[in-house]
4 protein chains.
Amino acid sequence: MAEAKPLRADARRNRARVLEAAEAVFAAKGTGASTEEVAKAAGVGIGTVFRHFSTKEALRQAVLVERMREFAEEAARWADAEDPGSAFFAFLDHWVEMGTAKYAYSEALAEAGAEVSWLGAEVGAQVRQALGALLGRAQDAGAVRGDVEVPELIAVLVGASYAVKHLDADTALRRRTVDLMFAGLRPSHG
Amino acid sequence: MAEAKPLRADARRNRARVLEAAEAVFAAKGTGASTEEVAKAAGVGIGTVFRHFSTKEALRQAVLVERMREFAEEAARWADAEDPGSAFFAFLDHWVEMGTAKYAYSEALAEAGAEVSWLGAEVGAQVRQALGALLGRAQDAGAVRGDVEVPELIAVLVGASYAVKHLDADTALRRRTVDLMFAGLRPSHG
Amino acid sequence: MAEAKPLRADARRNRARVLEAAEAVFAAKGTGASTEEVAKAAGVGIGTVFRHFSTKEALRQAVLVERMREFAEEAARWADAEDPGSAFFAFLDHWVEMGTAKYAYSEALAEAGAEVSWLGAEVGAQVRQALGALLGRAQDAGAVRGDVEVPELIAVLVGASYAVKHLDADTALRRRTVDLMFAGLRPSHG
Amino acid sequence: MAEAKPLRADARRNRARVLEAAEAVFAAKGTGASTEEVAKAAGVGIGTVFRHFSTKEALRQAVLVERMREFAEEAARWADAEDPGSAFFAFLDHWVEMGTAKYAYSEALAEAGAEVSWLGAEVGAQVRQALGALLGRAQDAGAVRGDVEVPELIAVLVGASYAVKHLDADTALRRRTVDLMFAGLRPSHG
DNA sequence: TATGAATGAGCGTTCATTCAT
DNA sequence: TATGAATGAACGCTCATTCAT
C-alpha cells in the first residue's frame, strides 16, 4: 500500500524527471525511441534510467500507469458536477483532446480496459471505478443509454482517441468525428 | 501512373510472394519483424526482397496499399445490394472483423483517410469513392444521417478497428462496442 | 554426418578466419576478451562473427571443439609408434607443452573429460578413443600401470596442463613438475 | 609491512565482513560476480566495499591472500604430527578436497607459487616455508622422494586442485585421480 | 565513515542495407 | 535476376567506479 522504498529526495526527483522525459519522448517518436534518447532528454546518464526502471518495458509500463493515474484523477474531478450529462460528455471530449497531444493515451487506456495484469489491480480499478461513477450518474440523469457498461465505454474511448490521433491538423473534422463516435451513447438512438 | 517496367513473369511472381509474406508476417508480429523473416516466409533470399522494395518502409507501404485495394474492392462488391442500409452496416461490420485478424488494417485505413501522399492518388481515391458510394446510397435510403461525410466515416472506421483489436477474446464485448460506435451514424429518431 | 550446409567458399574461409582469430585472442586474453576484438583480429565486421557463431558462447565452444579435434588427431598420429611406452609419454609431454602456448587447452580437455553435452558425442568419443588406444598399448607393453583408465588419465592431463600454464618462464621447473605428475602413471617397481 | 592505519573497530569489522562475503560469492559464481552482489552479501553499501578495497582487482587479491594465510596455518597445524609421511599426504588430500568446495583455491596457490609480487613477500614466504617444513620431514622419514622441492610441489598441488574441480560429482574418480597425481611423489617410483 | 544514486564506457546482439558471386 | 554473406550503426543492458548526501 505505502511506497515500497522511501527514496532519497534527489533520487525521487530523478525518477520523476526520467518518467516525464519518457512520456515526452515516447509521445513524440513512439515507444521505439531509444532509451538513450530518454536519458538525454531527462538530463541524466543512461545508467540512471535503468536504475529506476530495470527494463525498457518497465519504463513503458510506468508511463502508462502514470497516465491512467491522471485519467482517474481527472475523472474524479468531474464526478460531482451539477449537470451529470454534460459532465460526462465534457470529460470524454477533454480526454480525447489530450490524447491528440500525448501519444500513448489510447494505448494506455486500452491496456487498462483489458485489465492487463502489470497495470496493477489498484490503478486499473481506480480507472474503472471513476469512469463508472461518471457513467452511472449520467445514466441516472437520462443523458446516456442505460444499457451501456464500463468495458464498452472504455473501448469506445480507446477507439476515439486513436481515430483522432491522425486528425490533429483538421480541427473541424476532428470535431465531427468525435461527435459521431459519442452520439451512439445518447439514448435518442433507436 | 502505370507500372514503371513490365517485369518478367518470374520477377512479378516473386514480388507478389514477398508482398503476401510481408502481409502475413507483419500481421502476426507487427512491423517490427525483421526483413529476413519476411524473406524466409516468402521462400526467397533477402536480396530479392530489397530488389523489389528498396526499403523496409517501402515494403510496409506496399502492404498498406494492397490492403486499401482490397478494401475498395470489397466496398464495391456491396455497392449494388438490394438494401443499401443493411449493406452499408454489414460492410462496416465485416471490415472491422477482418481488422481483428489482420493486424494493420486500421493503420492502413488511417493513412488512407489522411490522404498520405505515398498511398498514391489512385488507391486513395478508389477507397474514398467506393466508400462514398456505399454511404450515399444508405443516406438516400434514410438509414444513415444525411450530414455524415466520407472523411469522418473513415475516422470512425479507423477508431472501431483499433478499439476492437484488443478485444478479440471477448466476442460479446466486441459486439457491444462495435454497435455502440456505429449507432451514432444512424438518424436519431428524437 | 556430412556437413549440414555446404557454405560458399568465401563464407567457409571467413568462418575459419574467425575461428583462428578467436583461438588466438582467447589464448592471449582469456575468454573475457570482447567479440569485437575477435572480429578485428579476423579482419571482418562484427556481424560476420555473429553470422557464423550465433552467440559468444557458441564461439567459445567451437574453439574448444576445434582443439579437441586436434588432440584426437595428434593422439592418433602416435598410435602406431614402435615403442608404445615412449610414445605414450611423449604424447603427454607434447600435449602439455602445447597447452602452455594455447591458453584454453586444459579447459577444453576438462570439458571433454566431463563429457559435456555440447562437445558433441562425436569429438568427445574420438578423444577418449584415441587416448584409450595409446594408453592400452602402453599398458600392454608394461610401461604404464594396468589399473589406470581413461577418465583419470584425462583428469591428470588436465591438471598437468593447468599447473604448467603458470610456469612458462621457468623451463627447468616445468620439466620437474611434469615429470612428477606423470611419474605416478608408471608401474611402481616396489 | 604493518597495517597502514589502525582502523576503527567497526571499520575493521566491516572489512572482514566484506572479505568473507567476497570469498563466498566468488566461490559460488566466480570472479565475474558483481561487486554489488558482494556488498549485498556482506550487508553493506557498495561504497563501503570500495572504501576498503580500492579496486575490484584489489578485492580479488585480498581474497587470495586470505586463502594463502589459511593454507599456511593449516600446513603448520600438521607440522608436528607423529607420522610425517602420513601427515604430508593427508594434508595434500585435505587441501585438494577443500579446493573442490572453495572455487579459487588452485588459482590462489598458483599465484603464490609464481611469487606474484602483490601477494606480499610475507604470505608467500609463509606458504613456502610451512609447506617446506612438511615436505622436509616427510622426506627425512623416507616417505617422499628426496629430490622433490617446494616449487614443483606447489605446482603439482595446483594441478591436482584444478583437475579435481570438475570432478566433484564422481567421488571414486576423484579419488583415483588424486592418488595418481600424488603417487609420483613417493620414492618407490623409479 | 557509510551509503547508494549517478555515471558512462563497454558488451553482446540485431537488423536494414549493400554487394560479390 | 536471385542469392545470402558481409557490414556496422544502434540498441538494451551491466557494472566498476565516483561522489553528493
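Each value, and the rule that gives it
Residues numbered from 1 in each chain as written. Chains lettered and ligands numbered in written order. Predicted model: local features only at pLDDT ≥ 70, side-chain atom pairs only at ≥ 80, totals over all residues. Heavy atoms only, no water. Buried < 20%, exposed > 50% of the residue type's maximum accessible area, 1.4 Å probe, protein only. Helix = DSSP H or I, 4+ residues; strand = E, 2+ residues; numbered from the N terminus. Arc of directions from axis to C-beta. Contact = heavy atoms within 4.5 Å. Domains from an automatic or database assignment. Buried area = accessible area lost by both parts, 1.4 Å probe. Salt bridge = Lys/Arg side-chain N within 4 Å of Asp/Glu carboxyl O. Polar contact = N/O pair within 3.5 Å; in protein donor to acceptor, adjacent residues only side chain to side chain. Least-squares fit on C-alpha atoms with pLDDT ≥ 70 in both. Near = heavy atom within 4 Å. Nonpolar A, V, L, I, M, F, W, Y, C, P; charged D, E, K, R; others polar.

**Observations regarding helix α2 (residues 35-42) of chain C**
All names here are of chain C. If you check which residues of α2 are buried, you get Thr35, Val38, Ala39 and Ala42. The arc that holds the buried residues of α2, viewed along the axis, is 100 degrees, so those residues lie on one side. In α2, the exposed positions that point more than 90 degrees away from the buried face belong to Lys40 and Ala41. Where α2 is buried, its residues contact α1 (9-29), α3 (46-52) and α4 (56-77). Looking one or two residues past α2, glycine 43 carries a phi angle of roughly 70 degrees, positive in sign.

**Focus on the domain arrangement of chain A**
Residue and element names in this part refer to chain A. In terms of domains, chain A is made up of domain 1 (1-54) and domain 2 (61-183). At the junction of the two partners, domain 1 supplies eight residues and domain 2 supplies ten residues. Of the roughly 660 Å² buried at the junction of domain 1 and domain 2 (both faces included), carbon and sulfur atoms supply 62%. Summed over the three residues of domain 1 that lose the most area to domain 2, namely Leu19, Glu23 and Ala27, the buried surface amounts to 68% of that side. Applying the counting rule to domain 1 against domain 2 returns one salt bridge. Measuring nitrogen to oxygen at the nearest pair gives 3.3 Å for the salt bridge that ties glutamate 23 to arginine 67. Between the two partners, domain 1 and domain 2, sit one residue pair in polar contact (both at pLDDT 80 or more).

**What to know about the interface of chain A and chain B**
The interface of chain A with chain B comprises 28 residues on the first partner and 29 residues on the second. Interface area, chain A with chain B, both sides summed: about 2,300 Å², of which 74% is carbon and sulfur. At the junction of chain A and chain B, the tally comes to two salt bridges. Where chain A meets chain B, there are two residue pairs in polar contact (both at pLDDT 80 or more). Going through the elements one at a time, α6 (105-113), α8 (150-165) and α9 (171-183) of chain A are the ones with two or more residues in the side of chain A that touches chain B.

**Brief notes about the relation of the copies chain A and chain B**
After a rotation of 178 degrees and a shift along the axis of 0.2 Å, chain A superposes on chain B with an RMSD of 0.4 Å. The relationship between the two copies is best expressed as a two-fold rotation axis. Most of the interface of chain A is mirrored in chain B: 100% of its interface residues are interface residues there too.

**Comments concerning the protein's contact with DNA strand E**
Not every one of the 34 residues close to DNA strand E is listed here, only the nearest: Asn14, Thr48 and Arg51 of chain A together with Thr48 and Arg51 of chain D. The sugar-phosphate share of atoms of DNA strand E within 4 Å of the protein amounts to 67%. In the model, a phosphate oxygen of DNA strand E is placed 2.9 Å from a nitrogen or oxygen of the histidine 52 of chain A side chain. Between glycine 45 of chain D and DNA strand E, the recorded distance is 3.1 Å, taken from a backbone N or O atom to a phosphate oxygen. Of all elements in the fold, only α1 (9-29) and α3 (46-52) of chain A, α3 (46-52) of chain B, α3 of chain C together with α1 (9-29) and α3 (46-52) of chain D reach the threshold of two or more residues within the surface near DNA strand E. Split into classes, the residues belonging to the surface near DNA strand E amount to eleven nonpolar, 16 polar and seven charged.

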